[in-house]
Amino acid sequence: LTPSYFRLNSLEYGGYLPELDLDVLGSLKLVDCGDADVFKDVGRTFSEVEAEVGAMVDAGCIPIVLGGNAGPTTYPFLKAVAERAGGPTAILNLDVHGDNLPGRWEEDDPRTPRWAETWALRILALPAVDPARYHHFGLRGPKNDPGTLGRFIERGVEREHVYTYREIRRARQG
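Quick look at the structure, then. Keep in mind that this is a model prediction, so the values were computed, not measured. (Residues numbered from 1 in each chain as written. Predicted model: local features only at pLDDT ≥ 70, side-chain atom pairs only at ≥ 80, totals over all residues. Heavy atoms only, no water.)

Moving on, we get to the overall build of the protein. When you go through the protein residue by residue, the secondary structure sums to seven helices and five strands. Helices (α) and strands (β) of the protein occur, in sequence order from the N terminus, as α-β-β-α-α-α-β-α-β-α-β-α. Expressed as lengths along the three principal axes of its C-alpha atoms, the size of the protein is roughly 50 × 45 × 35 Å. Out of the 174 residues belonging to the protein, those deemed buried represent 30%. Surface accessibility of the protein: about 11500 Å² in total, with carbon and sulfur atoms responsible for 57%. Averaged over its 20 positive side-chain charges, the protein has a centre that lies 6 Å from the centre of its 26 negative ones. (Helix = DSSP H or I, 4+ residues; strand = E, 2+ residues; numbered from the N terminus. Buried < 20%, exposed > 50% of the residue type's maximum accessible area, 1.4 Å probe, protein only. Areas by Shrake-Rupley, 256 points an atom, 1.4 Å probe, with all protein chains shown as cover. Lys, Arg positive; Asp, Glu negative; His and termini not counted. Charge placed at Lys NZ, Arg CZ, Asp CG, Glu CD.)

We now examine the environment of Ile-153. With respect to the helices and strands, the residue Ile-153 is situated in helix α6 (residues 148-154). Relative accessible area serves as the criterion here: at 45%, Ile-153 is assigned to the partly exposed category. When the C-alpha positions of Ile-153 and Thr-118 are compared, they lie 15 Å apart, and in sequence the two are 35 residues distant.

Moving on, we come to the pattern of salt bridges. Taken as a whole and judged by the stated rule, the model has eight salt bridges. Measuring nitrogen to oxygen at the nearest pair gives 3.1 Å for the salt bridge that ties Asp-130 to Arg-133. Classification of Arg-133 by relative accessible area gives partly exposed; the value is 40%. Taken together, the shared-partner salt bridges connect Glu-50, Lys-79 and Glu-83 into one network. (Salt bridge = Lys/Arg side-chain N within 4 Å of Asp/Glu carboxyl O.)

Let us look at a nonpolar patch on the surface. Together, Tyr-5, Leu-8 and Leu-11 give the surface a local cluster of nonpolar side chains, amounting to about 370 Å² of exposed area. Its place among the elements puts Leu-11 in the loop between α1 (2-10) and β1 (16-17). (Patch = residues over 30% accessible without salt bridge, like charges linked within 9 Å, V, L, I, M, F, W, Y side chains within 5 Å.)

This next bit is on the nonpolar core. Of all hydrophobic cores here, the largest spans 21 residues; its most connected members are Ile-123, Leu-124, Tyr-134 and Phe-152. At the level of secondary structure, the elements contributing two or more residues to this core comprise α3 (42-58), α4 (71-84), α5 (115-123) and β4 (129-139). Tallying contributions element by element places α4 first for this core, with five residues. Apart from residues no more than four positions distant in its own chain, Tyr-134 is found in contact with Ile-91, Asn-93, Ala-120, Ile-123, Leu-124, Phe-152, Val-157 and His-161. (Core = buried A, V, L, I, M, F, W, Y, C linked by side-chain atoms within 4.5 Å. Contact = heavy atoms within 4.5 Å.)

Burial along strand β3 (residues 89-94) is one-sided: Thr-89, Ile-91 and Asn-93 are buried, while Ala-90, Leu-92 and Leu-94, pointing the other way, are not. Pairing of β3 with β4, which is carried by five bridges, proceeds in the parallel orientation. Residue pairing across strands places Ile-91 opposite Tyr-134, the latter belonging to β4. As a crossover connection, the stretch from β3 through α5 into β4 is right-handed. (Pairing = 2+ DSSP bridges. Right-handed = clockwise from strand over helix to strand, strands pointing away.)

Before going further, it helps to examine the packing of aromatic side chains. For the structure on display, the rule yields three aromatic pairs. Above the face of the Phe-39 ring, Arg-44 is positioned so that its terminal group lies 3.6 Å from the ring centre. Taking the ring centre of Tyr-165 as reference, the NZ or CZ of Arg-140 above it sits at 5.7 Å. (Phe/Tyr/Trp six-rings, centres within 6.5 Å; stacked < 30°, edge-to-face > 60°. Lys NZ or Arg CZ within 6 Å of the ring centre and 35° of its normal.)

Glancing now at unusual backbone geometry. Phi angles above zero are rare outside glycine, and Asp-21 is one such case at about 45°. Looking at the element boundaries, Asp-21 is found in the loop between β1 and β2 (22-23). By relative accessible area, Asp-21 is classed as exposed at 60%. The phi torsion at Asp-99 lies on the positive side, around 50°, for a residue other than glycine. Tracing the sequence through the fold places Asp-99 in the loop between β3 and α5.

Below, the structure is given as structure tokens:
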């Protein structure tokens, strides 16, 4: 339901940003392509999302996806974009969770999928994604296990590119 809530809440707002004296909607052409279909078969869901995002990129659009960062949203989105980028793809991830538990979605029990807990590690294995260009902002909290930072580093993410909430807070105070 998240995409529907985004749409419903966004109706309250226009496109003018007074702090920038910028009418965003006057400068950009935005199109709502609707929701991608989601199926009980996660492989089919991934294929559907990847195809829809790929079609947007092929049409010359810059896709923006709302609705969470779980596997059905992020992994196929990034796969479609990265494959068409023509070079290494950088990731800026704003998330309190590492979401980098080991494992592949094909190994998950369909009754308890771990998409939301494994997608970050999975995207770092995509051929067109450059782990040295992965930046993670806001890591914090007990949902992360002791191996979170190590798994990022093992995949090629630089430790300096994983910004914990504490580091961000210190930087804001400094």
